[in-house]
Amino acid sequence: MPAFDLVTPGEPQEFLVPPQFRKPYGALVRDKRGKGYYLAVMSFSAAVTSYLVVFLAGILALAALIPAVGAIVLGIQALRSKSRSPQTQLAGQTSGFAWGGIALGALCLPLTVGMFLLNSWFLSSAEAANCEYIYRGDEAAIQRCIEANTY
């Protein structure tokens, strides 16, 4: 009986696997994306998620620090694992996603703090305007209300 040669009876000649690409039975095929590709994609996704959290979370904008820092860490891990493994045909995509995740994550950090401060200022000024509306005409009551409700 012949050895396993990836030939199916009646299979057209153009569908046969050329001998130089045949692998022994059970051999693992190497991933053409290379090491670190999925880490790089996760890094980029976490960075995009951090921007969504910043703009949609309002006063909870500091929660965006978690995916932003995660994007930076995952991007660095992706670049390190890519540099330790053999180069593949899609190694450029790995680098692009990793550097994109690192850059977007790093740019999101000051934006997160800025949005938190902006939202805090907005809520504080809204509370002051509410005190002025409720106690109009009584300056002492307005001042006590503002001091009691703002930090």
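Cut-offs and rules
Residues numbered from 1 in each chain as written. Predicted model: local features only at pLDDT ≥ 70, side-chain atom pairs only at ≥ 80, totals over all residues. Heavy atoms only, no water. Core = buried A, V, L, I, M, F, W, Y, C linked by side-chain atoms within 4.5 Å. Buried < 20%, exposed > 50% of the residue type's maximum accessible area, 1.4 Å probe, protein only. Contact = heavy atoms within 4.5 Å. 1 Å grid on protein atoms, 1.4 Å probe; cavity = no way out; pocket = protein on both sides within 12 Å on 5 of 7 lines; lining within 4 Å. Points joined across faces, edges and corners; volume = space filled by probe spheres on them. Nonpolar A, V, L, I, M, F, W, Y, C, P; charged D, E, K, R; others polar. Helix = DSSP H or I, 4+ residues; strand = E, 2+ residues; numbered from the N terminus.

A. Spatial organisation of the nonpolar core. Membership of the largest hydrophobic core is limited to six residues, which are Val 54, Ala 61, Ala 64, Ala 68, Cys 108 and Met 115. Those residues in contact with Ala 61, other than ones at most four positions away along the chain, are Val 54, Thr 112, Met 115, Phe 116 and Asn 119.

B. Fine view of empty space enclosed by the protein. For the structure shown, the criterion picks out one cavity of 30 Å³ or more. Taken as a whole, the largest cavity encloses approximately 40 Å³ of empty space. Taken together, Arg 33, Gly 34, Lys 35, Lys 82, Ser 85, Pro 86, Gln 87, Thr 88, Ala 91 and Thr 94 make up the full set of residues lining the largest cavity. Residue composition of the lining of the largest cavity, grouped by class: two nonpolar, five polar and three charged.

C. Region of the structure containing the environment of Phe 116. Structurally, Phe 116 can be placed in helix H3 (residues 91–134). For Phe 116, a relative accessible area of 26% corresponds to the partly exposed category. For Phe 116 and Ala 61, which are 55 residues apart along the polypeptide, the C-alpha to C-alpha distance reads 5.4 Å. Not counting the four nearest positions on each side in its chain, Phe 116 is found in contact with Ile 59, Ala 61 and Leu 62.

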